[in-house]
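Results of the structural survey
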Amino acid sequence: MQVCFIGLGAMGYPMAGHLQEKGFALSVYNRSGAKAAQWSEQYGRGASDSLAAAVAGVEVVALCLGADEDVREVLTGPQGVFALMPVGGVIVDHTTTSAALAREMAVLAADYGHSFIDAPVSGGQAGAVNGRLTVMAGGDASAFARVETVLAAYAARYQLLGPAGSGQLAKMVNQICIAGLVQGLAEGMHFGAQAGLDMAAVVDVIGAGAAQSWQMDNRAKTMLAGEFDFGFAVDWMRKDLGYVLDEARQRKLSLPVTALVDQFYAQVQNLNGGRYDTSSLLLALQQGAKKA
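Residues numbered from 1 in each chain as written. Predicted model: local features only at pLDDT ≥ 70, side-chain atom pairs only at ≥ 80, totals over all residues. Heavy atoms only, no water.

Examining the overall build of the chain
Within the chain, the secondary structure is distributed over 14 helices and eight strands. In terms of overall size, the chain behaves like a compact globule, its C-alpha atoms giving a radius of gyration of 20 Å where 292 residues would be expected to give roughly 19 Å. Across its three principal directions, the C-alpha atoms of the chain cover 65 × 45 × 35 Å. When the 292 residues of the chain are sorted by exposure, 50% land in the buried category. Relative to all contacts within the chain whose residues are 6 or more apart in sequence, the contacts with residues 24 or more apart total 67%. Here the chain displays about 13,200 Å² of accessible surface, and carbon together with sulfur accounts for 54% of that area. If the 20 positive side-chain charges of the chain are averaged to one point and the 26 negative ones to another, these points end up 2 Å apart. (Helix = DSSP H or I, 4+ residues; strand = E, 2+ residues; numbered from the N terminus. Rg over C-alpha atoms; globule rule 2.2 N^0.38 Å. Buried < 20%, exposed > 50% of the residue type's maximum accessible area, 1.4 Å probe, protein only. Contact = heavy atoms within 4.5 Å. Areas by Shrake-Rupley, 256 points an atom, 1.4 Å probe, with all protein chains shown as cover. Lys, Arg positive; Asp, Glu negative; His and termini not counted. Charge placed at Lys NZ, Arg CZ, Asp CG, Glu CD.)

A short note on the sheet that holds strand β7 (residues 133–137)
Read from one edge to the other, the open sheet built from three strands follows the order β6-β7-β8, with strand pairing classed as mixed. Edge positions in the open sheet fall to β6 (121–122) and β8 (155–160), since each of these has one partner strand only. (Pairing = 2+ DSSP bridges.)

Side note on the layout of surface pockets
In this structure, the largest pocket encloses a volume near 1,200 Å³. Every residue lining the largest pocket is counted, 45 residues in all, and those nearest its centre are M11, G124, Q125, G231 and F232. For the lining of the largest pocket, the secondary-structure elements that each account for two or more residues are β6, α7 (124–130), α9 (166–194), α11 (214–224) and α12 (234–250). With five residues, the single largest contributor to the lining of the largest pocket is α9. When its residues are assigned to classes, the lining of the largest pocket shows 15 nonpolar, 20 polar and 10 charged. (1 Å grid on protein atoms, 1.4 Å probe; cavity = no way out; pocket = protein on both sides within 12 Å on 5 of 7 lines; lining within 4 Å. Points joined across faces, edges and corners; volume = space filled by probe spheres on them. Nonpolar A, V, L, I, M, F, W, Y, C, P; charged D, E, K, R; others polar.)

Points about the packing of helix α4 (residues 68–75) against helix α6 (residues 99–111)
Angle between the axes and distance between the axes are the two parameters that describe a pair of packed helices. The contact between α4 and α6 brings their axes to 10 Å, and the two run at 10°. The angle between α4 and α6 places the two elements in the roughly parallel class. Where α4 approaches α6, its residues D68, V71, R72 and L75 are matched on the opposing element by L101, E104 and M105. Its residues assigned to classes, the contact of α4 with α6 comprises four nonpolar, no polar and three charged. (Axes fitted to C-alpha atoms, helices over the stretch in contact; angles between N-to-C directions. Parallel < 35°, antiparallel > 145°, perpendicular 65-115°, else oblique.)

Some words on the sheet that holds strand β3 (residues 60–63)
One open sheet accounts for five strands, arranged β2-β1-β3-β4-β5; its pairing is parallel. With partners counted over all chains shown, the strands left at the sheet margins are β2 (25–29) and β5 (115–118), one partner each. Sheet twist, expressed as the mean angle between neighbouring strand axes with direction ignored, is 20°.

Focus: the packing of helix α1 (residues 12–21) against helix α2 (residues 33–43)
Between α1 and α2, whose axes approach to 11 Å, the crossing angle comes to 35°. As for how α1 packs across α2, the hand of that crossing is right-handed. Within the contact between the two elements, α1 uses Y13, P14, A16, G17, Q20 and E21 and α2 uses K35, Q38, W39, Q42 and Y43. Class assignment of the residues belonging to the contact of α1 with α2 gives a composition of five nonpolar, four polar and two charged. (Left-handed = near helix turned anticlockwise from the far one by under 90°.)

Things to note about the pairing of β8
With five bridges joining them, β7 and β8 adopt parallel strand pairing. Opposite M136, over in β8, you have Q159 as the bridge partner. Remark: the β7/helix α8 (residues 141–151)/β8 crossover connection has right-handed handedness. (Right-handed = clockwise from strand over helix to strand, strands pointing away.)

Details of the packing of aromatic side chains
Applying the stated criterion across every chain yields a total of five aromatic pairs. Between W39 and Y43, the aromatic rings sit 4.9 Å apart at their centres with planes inclined by 35°, giving tilted as the arrangement. Placement of the pair is W39 and Y43 together in helix α2, with a separation of four residues, close to one helical turn. Like W39, the residue Y43 is buried in the burial classification. One aromatic cluster is present, formed by Y13, W39 and Y43 through successive ring pairs. (Phe/Tyr/Trp six-rings, centres within 6.5 Å; stacked < 30°, edge-to-face > 60°.)

Concerning the side chain of H94
Among the secondary structure elements, H94 is positioned in the loop between β4 (90–93) and α6. Within polar-contact distance, the side chain of H94 engages the backbone oxygen of A119 at 2.7 Å. Of the polar contacts made by the side chain of H94, one reaches the side chain of Y154; its length is 2.7 Å. Setting aside residues no more than four positions away along its own chain, H94 makes contact with F5, M15, A62, L63, C64, A119, P120, V121, V135, L151 and Y154. (Polar contact = N/O pair within 3.5 Å; in protein donor to acceptor, adjacent residues only side chain to side chain.)

Right, here's the structure in full:
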């Protein structure tokens, strides 16, 4: 299967690497030449110097970019993927975008004779590096079946959840759940530390009970150490929560905890923490305690 991977950022870089290591007939493209050169040196396959060259003759295009506007820029227009790739292809978008963008791209893809799968991922940079991502997908079942071998190269779990946009809606559910959980963990760590407890011991014991979570297992110790350089950044989480809150407003839904945590992340950004990982919610609490 001829596959093109577009976007060699923190997630896309190792995802494309897994495709190369699994023996796919692969082309890669990145808008930043420096990152493409680094990937080529590491994986021993030259990156394409243009989008047209990257998608020539391919059956599947997978992309992992930043936001709605990036996906629209790469896919649409006379020099976009839809126009350049051979008719009958499948585009798999691993970018976290709005559901509206996914539906729009699905319609445009069909106009060009292609299929579009919105397929955001969860698992963070570690999941991408280890090939253990979870993929939530929306789109046509037959198109999804065509790309399952591609997804299996870097995902431990992948599932079609409904028509176009369903993958992005599922990713919103994922981010809603994470946001509330991380805030609860941050408040627990902050409360215990302020109360004078040995928090390493506290985490050890409560982590064996009902309070246990992936976030506690993987982030509690680093939070207590003041280390916040472990993957998914606050800036990206706020982008994702923006999509969540926009969708909720359109559906006249109230998400009070999510809206509140989004503002706490804004406080972290104001502390120059936009590139810290999402467990840095603890910083906003600590800063508030200092002011008090």
